[in-house]
Amino acid sequence: EAAPVQIVRRDVQWYSAADVDEVVGQLRAQTVSAVDLTGAPVDAQDSDTISMEAATTLATGLAGCRSTLGTLSLTDMKISTDGLRTVLHSLAGSPVLRRVHLSNLCSRWTVQNTLGSERGELLAELMRGWARLESIILQDCTLADGCMQVVDALRGLGALREVDLT
């Protein structure tokens, strides 16, 4: 069997399902241990770096890797709450997810795109199902009202070794 691979993409700007097809093909064709996506610089229209359509397609690919994906990194992204929910729910209850890195998620752009209460609740709900989570990095995410939900969820994670909420 082939060794697990890492999928790394920089300057992600996915508007449609077709934009994600290459990555989803890789997710389906290989044993993937890590996905590392970094968003493109903000465009003139202040568009999401991953649209809802693209998030849905990505989630389909990630769901097929629930038993192998140990690391998910989505950094410098602008993504709607529904898009984030779709992507993260694809890994709900993952038995192997150990590292989640969501730094600078939305905070580079507009105030309504901070993690906030709704996204904090979403993240807390999912973290409780990631029993082997060792590291959660949420640098520059502007958790604000969602911070307490995330902190409460962290308390129940026995494998947790690294937390960054700065």
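Here, every reference points to the structure presented above.
Residues numbered from 1 in each chain as written. Predicted model: local features only at pLDDT ≥ 70, side-chain atom pairs only at ≥ 80, totals over all residues. Heavy atoms only, no water.

(A) View of the nonpolar core. Counting residues in hydrophobic clusters, the biggest one holds 44 residues, and the most contacted among them are Leu 58 and Met 127. Mapped by element, the contributors of at least two residues to this core are strand E1 (5–12), helix H1 (17–29), strand E2 (32–39), helix H2 (52–63), strand E3 (71–75), helix H3 (81–89), helix H4 (116–129) and helix H5 (147–154). Among the elements that line this core, the one with the most residues is H4, at five residues. The contacts of Leu 58, once residues within four sequence positions are left out, are Trp 14, Val 20, Val 23, Val 24, Leu 27, Leu 37, Ile 50 and Val 87. (Core = buried A, V, L, I, M, F, W, Y, C linked by side-chain atoms within 4.5 Å. Buried < 20%, exposed > 50% of the residue type's maximum accessible area, 1.4 Å probe, protein only. Helix = DSSP H or I, 4+ residues; strand = E, 2+ residues; numbered from the N terminus. Contact = heavy atoms within 4.5 Å.)

(B) Broad picture of the packing of H1 against H2. At a closest axis distance of 9 Å, the pairing of H1 and H2 adopts a crossing angle of 5 degrees. Taken together, the axis directions place H1 and H2 in an arrangement best described as roughly parallel. Only Glu 53, Ala 54, Thr 57, Leu 58, Thr 60, Gly 61 and Leu 62 of H2 make contact with H1, whose side of the interface consists of Ala 17, Val 20, Asp 21, Val 23, Val 24, Leu 27 and Arg 28. Residues that form the contact of H1 with H2 fall into these classes: eight nonpolar, three polar and three charged. (Axes fitted to C-alpha atoms, helices over the stretch in contact; angles between N-to-C directions. Parallel < 35°, antiparallel > 145°, perpendicular 65-115°, else oblique. Nonpolar A, V, L, I, M, F, W, Y, C, P; charged D, E, K, R; others polar.)

(C) Representation of the environment of Gly 39 in the model. Here Gly 39 is to be found in strand E2. Taking the C-alpha atoms as reference points, Gly 39 and Asp 11, 28 residues apart in sequence, are found 4.9 Å from one another.

(D) Just the environment of Leu 105, in detail. By secondary structure assignment, the location of Leu 105 is in the loop between strand E4 (99–101) and H4. Sequence-wise, Leu 105 and Gln 139 are 34 residues apart; in three dimensions their C-alpha atoms are separated by 8.4 Å.

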